[in-house]
Amino acid sequence: MLFNSLEYLVFLPAAWIVFWAVPKRKVEALLVASYVFYASWSIPYAAMIFGLVVVNFLFGLALGRATRSRKLMLATFIAFDLCVLALFKYFDFAITSFATGTNALLGLQWDPPLLKLVLPLGISFFTFEFIHYLVDIYRGDLPVHSFSKFHVFAAFFPTQIAGPIKRFQQFVPSLVTLGRFDPALAREGLWLIGRGLGKKVLLADRLAPIATAGFSTASGGAMGTGEAWLTALAFWLQIYFDFSGYTDIARGSAALFGFRIPINFDAPYLATSLTDFWHRWHISLSTWLRDYVYIPLGGSRVPKPVVLRNLMITLLLGGLWHGAAWHFVAWGGLWGIGLSVQHVLRGRIALPRTLPLLVLGWMFTQLFVVASFVLFRAETFQVAGVMLSAMAGRGTEIGLQSIARMLFVGGTAAGLILVSLAGRTTWRPRVPMPTGALRPMLYGASAALVILIASAAISTERQVFIYFQF
Amino acid sequence: MLWAHRGSIAIGLVTCLVVLVAVELAVFRSGLFLSHVGFASPVSPIAKLALAERAPDARLLFVGDSTVLADVAPAVVTQTCDCGEGFNGAFAAANARTTLAMTRRLLGILHPRLVVVDAAPWLVDTSGQFTGDLFAREVLSPADLYALGEPVDAVGMVDKEVGSVWTAYGQRFLVKEWLQSLVPGQRYDEAKRGLYVPPGSATSPAALAAAMEHYFPDPTAQVAPSAPGATALGALIEELRGRGISVAVLLPPFHPAVREHAGPFLDRADAAIQQFLSGYGVSVIDCRGAVAATDFRDLAHLTEQGAAKHSLCVGEQIRTLDAASALQ
């Protein structure tokens, strides 16, 4: 079930009514809702999730009780989860890449057998949650909880498909107060859902055709410089509005049930350095990679060459996590190089935090982000090469075919930056709120608007969320 | 806690309902939305049907799949043949059965004297399977799809029912199209009367090879004039003639790379199509020689300039057929 589907428009209110109507057994109500949510897409895969939850709970139990060989146990358990992920997501990619390399080297015509398995929705997200749970038990940061608590953590439907990647420690407080209705949180949830749908329908889906058309042109082998920039900027905006819109809906849905899910984005397009960007973009993934890959490798408290190696490994894995394709790996690699260079320079040059330097840093960072997203979006290196080469001024022409589209993209970008900047200040627009019967009427009219946007957001199979594929 | 606010909740719910009903009646059911809304692209049947409402003067109707959608510019045809206004009612990924259903829907809106329908090589491919994709679900009812071998689509049936009661939901694709058309430079120019050439280009060797796999996955496939697609086209021809409307068949052009990959298949398909058409005595419009490799946007579709060249030829052939009174 997708967030932008008719099923979800019916499912969410129904699940909400049942959840708040049952006086007890709220965990069970949430679990039923979560499995209905997933099983509406695939019953076998819903059963597989249940199996993985049971297995990982048993792993956690074993780790919590073990006094010897705990490291070996942890490695085995993590390997199991990664093998499941690899089987579904990376097996065909690995064997195809191997065959391509072997055929090129030895002049063979080997056509390898492929599994062609359907990728279970959200597998990359819940696998990382399992690993976090096991590692934290191993470290002693997390006591083993009851099966039902772990179960609802792992299967929780608002975050099941595309995150944010949750931490058990942050999830537990909501479980403790489960069943206590918080009107302010529910209002915030509705606001987040409305905002998320608005980002998706009014912005991301409007930018998508511009980006798609541009990348399609690039696949023809040549494009103009202006068009390349327009395309890259359109995708830079689209992916933010799409993914942050999805996250808003996920967090808003969770809030309706009394759960506070941490933010995943913190004005990423205001980042003034590459490191700063990863503190603001897909925060749940970047912090997961930091805590479960980068720091275990040694983090920054090791000799510089080892730090650079750690950065490269972490970012390459981060790229590969996004998809079984070489352009994702290259995207991660590009970020690894960028962060490594920044790490080296930071050790040698101490720059004051003045406004002009911050602006320069912002411009460089966002240029890097825009260029890196070209690698992320382009399905082949050839297309990425055409785009990047045109952006570098080697396009077929300098001008734009459509000034109007550039104004739209530029205006949207300026609007986003201004709203992000306003969010950094204490200034808030003063909206006079009506009193008496006018106030519920205003809420009613707003709800009607959200329902109309939601109806337009319902998928016609053309506009699914980008991050569902991961 | 909720009970304590029942008065406010009731006012809010009633307001919400009133706003939704007002929008439904004033914007959607009144026809205001359909008659005034702009589109970003006319690739779907529902968008085409809405556009057709604005072209009641069309005397030439072009139907079929994306080869017609991107290759026939009605305005150019009209200028050349001087035979009345035209409308391109083709949509992406159409097949003979969905074309039949779409033509029936279009004839409820338009009153053409000539319908031109495409006959692509896959029409006579005996292994061709009907697939009920999104666009098929827009023109065919769940019952029709089931009759064509598609599994029962319970969600689709609910979707259709909800859409018929709540028009704002039923026309959500048009709402999205309208939103897209508000983006500067994205509004579809309705003077093109249904022609749509997707932006961009895909003529690199890799893109052509990928498209070849898509359009001609099996160059050894069997062809026959009695293939299911041809049978559906035959039914369309009979039905149109029964209504007193002339019919002509258009053979769509393909990038020369197709011949290198699937030349024998094209020849066999051509022969089967000719055999099929001779059985119906239907006029053929063949402008495949009017375009060159540089006129293609991709393997199966022309660029705007290519479409203009092709349409010029189509207009001339219609004029010739008209002059010879060869259209039946």
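Residues numbered from 1 in each chain as written. Chains lettered and ligands numbered in written order. Predicted model: local features only at pLDDT ≥ 70, side-chain atom pairs only at ≥ 80, totals over all residues. Heavy atoms only, no water.

(A) Fine view of the overall build of chain B. In terms of helices and strands, chain B carries 15 helices and 5 strands. A globule of 328 residues ought to have a C-alpha radius of gyration of about 20 Å, and chain B, at 22 Å, matches this closely. Considering only C-alpha atoms, chain B reaches an extent of 80 × 45 × 40 Å along its principal axes. Relative to its full complement of 328 residues, chain B shows a buried share of 53%. Restricting the contact set of chain B to residue pairs at least 6 apart, pairs at least 24 apart contribute 81%. In the form shown here, chain B has an accessible surface area of approximately 13,900 Å², with 60% of it arising from carbon and sulfur atoms. (Helix = DSSP H or I, 4+ residues; strand = E, 2+ residues; numbered from the N terminus. Rg over C-alpha atoms; globule rule 2.2 N^0.38 Å. Buried < 20%, exposed > 50% of the residue type's maximum accessible area, 1.4 Å probe, protein only. Contact = heavy atoms within 4.5 Å. Areas by Shrake-Rupley, 256 points an atom, 1.4 Å probe, with all protein chains shown as cover.)

(B) Geometry of the layout of surface pockets. Estimated volume of the second largest pocket: approximately 2,400 Å³. Mapped by element, the contributors of at least two residues to the lining of the second largest pocket are helix H1 (6-21), helix H9 (183-219), helix H10 (225-256) and helix H18 (438-457) of chain A together with helix H1 (6-29) of chain B. Per element, the largest residue contribution to the lining of the second largest pocket is 12 residues, and it comes from H18 of chain A. Among the residues making up the lining of the second largest pocket, the classes are represented as 39 nonpolar, 8 polar and 3 charged. (1 Å grid on protein atoms, 1.4 Å probe; cavity = no way out; pocket = protein on both sides within 12 Å on 5 of 7 lines; lining within 4 Å. Points joined across faces, edges and corners; volume = space filled by probe spheres on them. Nonpolar A, V, L, I, M, F, W, Y, C, P; charged D, E, K, R; others polar.)

(C) Fine view of the interface of chain A and chain B. Contact with chain A, which involves 38 residues of that partner, is made by 39 residues of chain B. Where chain A touches chain B, the interface holds 0 salt bridges. Put simply, chain A and chain B have 3 residue pairs in polar contact (both at pLDDT 80 or more) between them. Elements with a contribution of two residues or more to the side of chain A that touches chain B: H1, H9, helix H17 (403-424) and H18 of chain A. Partitioned by chemical class, the residues of the side of chain A that touches chain B number 22 nonpolar, 10 polar and 6 charged. (Salt bridge = Lys/Arg side-chain N within 4 Å of Asp/Glu carboxyl O. Polar contact = N/O pair within 3.5 Å; in protein donor to acceptor, adjacent residues only side chain to side chain.)

(D) Structural view of empty space enclosed by the protein. Residue and element names in this part refer to chain A. Applying the stated criterion to the full structure yields 1 cavity of 30 Å³ or more. Considering only enclosed or pocket space, the largest cavity measures out at about 40 Å³ in volume. Put simply, the parts of the chain that give the lining of the largest cavity at least two residues each are helix H5 (123-139) and helix H7 (157-160). Grouping the amino acids of the lining of the largest cavity by side-chain chemistry returns 4 nonpolar, 2 polar and 2 charged.

(E) Summary view of the nonpolar core. Counting residues in hydrophobic clusters, the biggest one holds 234 residues, and the most contacted among them are Tyr269, Trp335 and Phe373 of chain A together with Ile318 of chain B. The element best represented in this core is H10 of chain A, accounting for 17 residues. Excluding its chain neighbours within four sequence positions, the residues that come into contact with Tyr269 of chain A are Trp236, Ile239, Tyr240, Phe277, Trp281, Trp362, Gln366, Val369, Phe373, Leu416 and Ile417 of chain A. Formed by 6 residues, the second largest nonpolar core is a distinct cluster that contains Ala70, Val76, Leu195 and Val197 of chain B. (Core = buried A, V, L, I, M, F, W, Y, C linked by side-chain atoms within 4.5 Å.)

(F) The side chain of Ser34 of chain A, seen in detail. With respect to the element layout, Ser34 of chain A can be found in helix H2 (residues 26-39). Those residues within four positions of Ser34 of chain A in sequence are excluded, and the remaining contacts are Ala155, Phe156, Phe157 and Gln160 of chain A.

(G) Molecular detail of the domain arrangement of chain A. All names here are of chain A. Looking at chain A, the domain boundaries give domain 1 (6-180) and domain 2 (185-460). When each unit is reduced to the centre of its C-alpha atoms, the spacing between domain 1 and domain 2 is 25 Å. In this assembly, 37 residues from domain 1 lie in contact with 33 residues from domain 2. Together domain 1 and domain 2 conceal approximately 3,000 Å² of surface at their shared face, both sides included; 71% is due to carbon and sulfur atoms. Inspection of the domain 1/domain 2 interface yields 1 salt bridge. At the boundary of domain 1 and domain 2, one finds 16 residue pairs in polar contact (both at pLDDT 80 or more). Elements with a minimum of two residues in the side of domain 1 that touches domain 2: H1, helix H4 (70-106), H5, H7 and helix H8 (168-176). Counted by class, the side of domain 1 that touches domain 2 contains 25 nonpolar, 7 polar and 5 charged residues. (Domains from an automatic or database assignment. Buried area = accessible area lost by both parts, 1.4 Å probe.)

(H) Representation of the pattern of salt bridges in the model. Residue and element names in this part refer to chain A. Applying the stated criterion across every chain yields a total of 27 salt bridges over all chains. Here Arg139 and Asp136 are joined by a salt bridge, their closest N and O atoms 3.9 Å apart. Residue Arg139 and its partner Asp136 are located together in helix H5, separated by 3 residues, close to a single helical turn. Linked through salt bridges whose partners overlap, the residues forming this network are Arg167, Arg290 and Asp291.

(I) Spotlight on the domain arrangement of chain B. Taken domain by domain, chain B consists of domain 1 (1-30) and domain 2 (45-133 + 189-323). The straight-line distance from the C-alpha centre of domain 1 of chain B to that of domain 2 of chain B is 48 Å.

(J) Layout of the sheet that holds strand S1 (residues 60-63) of chain B. Residue and element names in this part refer to chain B. If you walk across this open sheet you meet the 5 strands as S2-S1-S3-S4-S5, and the pairing is parallel. Since the sheet does not close on itself, it has two edges, and those belong to strand S2 (86-88) and strand S5 (283-286), each with one partner. Between one strand axis and the next, the sheet turns through 25° on average, direction left out of account. Sheet topology note: the strand S3 (residues 114-118)/strand S4 (residues 246-251) ladder contains 5 bridges and is parallel. Bridge pairing links Asp118 to Leu250 in S4. Helix H13 (residues 228-242) rests against S3 and S4 of the sheet, and its axis sits at about 175° to S3. (Pairing = 2+ DSSP bridges. Axes fitted to C-alpha atoms, helices over the stretch in contact; angles between N-to-C directions.)

(K) Region of the structure containing the environment of Val23 of chain B. Here Val23 of chain B shows up in helix H1. Val23 of chain B gets classed as partly exposed once you look at its relative accessible area, which sits at 22%. Residues Val23 of chain B and Leu107 of chain B, spaced 84 residues apart in sequence, show a C-alpha to C-alpha distance of 29 Å. Here Val23 of chain B is in contact with Leu452 of chain A together with Phe28 of chain B, once residues within four sequence places are set aside.

(L) Spotlight on the packing of aromatic side chains. Under the defined criterion, the tally for this structure stands at 70 aromatic pairs over all chains. Ring geometry for Phe243 of chain A and Phe265 of chain A: centres 5.1 Å apart, planes at 85°, overall edge-to-face. Separated by 22 residues along the polypeptide, Phe243 of chain A in helix H10 and Phe265 of chain A in the loop between H10 and helix H11 (274-280) bring together distant segments of the chain. Phe243 of chain A gets classed as buried once you look at its relative accessible area, which sits at 0%. Given the relative accessible area of 11%, Phe265 of chain A is considered buried. Taking NZ or CZ as reference, Arg172 of chain B lies 4.2 Å from the ring centre of Tyr169 of chain B, over its face. (Phe/Tyr/Trp six-rings, centres within 6.5 Å; stacked < 30°, edge-to-face > 60°. Lys NZ or Arg CZ within 6 Å of the ring centre and 35° of its normal.)

(M) Expanded view of the environment of Arg346 of chain A. Position of Arg346 of chain A among the secondary structure elements: in helix H14 (residues 326-348). A C-alpha to C-alpha distance of 37 Å links Arg346 of chain A and Thr159 of chain A, two positions 187 residues apart in sequence.

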